[in-house]
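Report on the structure
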Amino acid sequence: MDDVLTTGATLAAAERTLEAHGHDVLGATVLAATPAPDDRRRARPATATPSGEDLGGT
């Protein structure tokens, strides 16, 4: 969820940087995909690496 919440801040920072260098920002596009609620292929927890190593997060 954190990535979704910080997307707006990232876009705002990118806009400020581009405008500071003389570029006009006309818009932005963000795409996100999530599995359907009944999809059996669940994403791994954010606290695990692809190999399953626990990173000790919450």
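Our structure is the block above this text.
Residues numbered from 1 in each chain as written. Predicted model: local features only at pLDDT ≥ 70, side-chain atom pairs only at ≥ 80, totals over all residues. Heavy atoms only, no water.

Digging into the overall build of the chain
Note the following rule: Only DSSP runs of H or I covering at least 4 residues are called helices, and only runs of E covering at least 2 are called strands; the numbering of each starts at the N terminus. Using a 1.4 Å probe on the protein chains alone, a residue whose accessible area is under 20% of its type maximum counts as buried, one over 50% counts as exposed, and one in between counts as partly exposed.
Of the regular secondary structure elements, the chain holds one helix and zero strands. A buried classification covers 5% of the 58 residues belonging to the chain.

So, the environment of Thr7
With respect to the helices and strands, the residue Thr7 is situated in helix H1 (residues 2-20). Overall, Thr7 belongs to the partly exposed group, its relative accessible area being 24%. Along the sequence, Thr7 and Val30 sit 23 residues apart, while their C-alpha atoms lie 8.2 Å from each other.

Comments concerning the environment of Leu26
With respect to the element layout, Leu26 can be found in the segment after H1. Along the chain, Leu26 and Glu15 lie 11 residues apart, while their C-alpha atoms are 9.4 Å from each other.

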